[in-house]
Amino acid sequence: MADLLSFQPLSPFGIELLCDLGEPLTPGQQDHFRALFNRHSLILARGQALSMERQRELCGLLGPILDRPGETGTMTNEGGGPAESALTWHSDAAYTEHPFDALSLHAIDVVDGASSTRFVSAEDACDTLPQTLRQSLEGRSQEMISPHYTRLAERTCNRQDPEALKQGILPAIHTNPHSGRACVWVSELQTTRLLGMDWEASRDILNAVFDHLYAPGQVLEHRWCNGDFIVWDNIALQHERGNLGAVGKRVLQRAIVGTHGVAPHIAAEA
């Protein structure tokens, strides 16, 4: 049908669109784009040439575009430091009351195949979590942080009292408003501890949850080539990247779908 977008499934989740997203979408195709996003959590399209304006238009089909002070809409590993550091598993702004709804990246200047972003489904992991671990998380709160930029590659729960740029108290299991599904809301980068138990017990439970959540068979790894475009549900999925120090130039164009939030290094408005 003319109003349906052509696509094929990815494994273990997500879909690849087989069309030129630079061309206008009909109202029916816009509805299909939203439906595919809500059902599959991640949409990939290869060989695209999207201006920032067009990328924002596509993401705007999913909700309001968030502009954050101190950001340009481009992510690059040039300059080294935190920009090229490994960044372990997380969802953006998960330590706040307003995590981003969706994130999108478009490869505009990369060495084809040299770097990747990896994804896991926190929804699928919640559905398959062993009963004892699920019971350990149900109804429990956690402390979450945005860690110091020298600690971005670590499992935060393994350190007592880690330094935080920002922090918050959130549920360990969260309901995704896009799908109505429960998702594991603890993450390797952002969770310091589960509340209501001692640190050692919290650490051991979290490590067991992470071993399940990030099991190799549950990971979708995308190796970036120029023209690739990905948009994903930031609540349903967590993501990570490896160290970018030896991958050549890596420039990705980013648009955020969300309503609130400032970057961790920017002071919140009073």
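Note that the structure is a prediction, hence the values are computed from the model and not measured.

S.K.: Could you give an account of the side chain of Q238, naming the residues involved and the relevant values?
M.R.: Mapped onto the secondary structure, Q238 falls in strand β15 (residues 237–241). With relative accessibility at 2%, the residue Q238 sits in the buried group. Within polar-contact distance, the side chain of Q238 engages the backbone oxygen of V186 at 3.0 Å. Within polar-contact distance, the side chain of Q238 engages the side chain of Y214 at 2.6 Å.

S.K.: Please give an account of the sheet that holds strand β5 (residues 87–90) that cites residues and values.
M.R.: Across the sheet, four strands lie side by side as β5-β15-β7-β13; this open sheet has antiparallel pairing. Every interior strand has two partners, whereas the edge strands, β5 and β13 (220–223), have only one. Adjacent strand axes in the sheet meet at a mean angle of 15°, parallel and antiparallel pairs treated alike. Sheet analysis places strand β7 (residues 116–121) next to β13, joined by four bridges and oriented antiparallel.

S.K.: Describe the nonpolar core, and please don't skip the residues or the numbers.
M.R.: Residues V184, V186 and V209 are the most contacted members of the largest nonpolar core, which totals 27 residues. Residue assignment for this core shows that the elements contributing at least two residues are α3 (122–128), α4 (131–137), β11 (182–184) and α5 (199–213). Among the elements that make up this core, the one with the highest residue count is α5 (five residues). If we ignore the near neighbours within four places in the chain, the residues touching V186 are Q142, A172, T191, L194, L206, V209, F210, L213, Y214 and Q238. Core analysis: the next-biggest nonpolar cluster, separate from the first, contains 20 residues, L44, L103, L252 and I256 among them.

S.K.: Summarise the environment of H260; cite the residues concerned and give the values.
M.R.: Take H260: it is sitting in the segment after β16 (250–257). Residue classification places H260 among the partly exposed positions, given a relative accessible area of 42%. As for H260 and T96, which are separated by 164 residues in sequence, their C-alpha atoms are 9.3 Å apart.

S.K.: Go over helix α2 (residues 52–60), please, and point to the residues and values.
M.R.: Taken together, the buried positions of α2 are R54, Q55, L58 and C59. Burial along α2 is one-sided: seen end-on, the buried residues are contained in an arc of 135°. Taken together, the buried residues of α2 touch α1 (27–40), β6 (102–110), β14 (229–233) and β16.

What counts and how
- Residues numbered from 1 in each chain as written.
- Predicted model: local features only at pLDDT ≥ 70, side-chain atom pairs only at ≥ 80, totals over all residues.
- Heavy atoms only, no water.
- Helix = DSSP H or I, 4+ residues; strand = E, 2+ residues; numbered from the N terminus.
- Buried < 20%, exposed > 50% of the residue type's maximum accessible area, 1.4 Å probe, protein only.
- Polar contact = N/O pair within 3.5 Å; in protein donor to acceptor, adjacent residues only side chain to side chain.
- Pairing = 2+ DSSP bridges.
- Axes fitted to C-alpha atoms, helices over the stretch in contact; angles between N-to-C directions.
- Core = buried A, V, L, I, M, F, W, Y, C linked by side-chain atoms within 4.5 Å.
- Contact = heavy atoms within 4.5 Å.
- Arc of directions from axis to C-beta.

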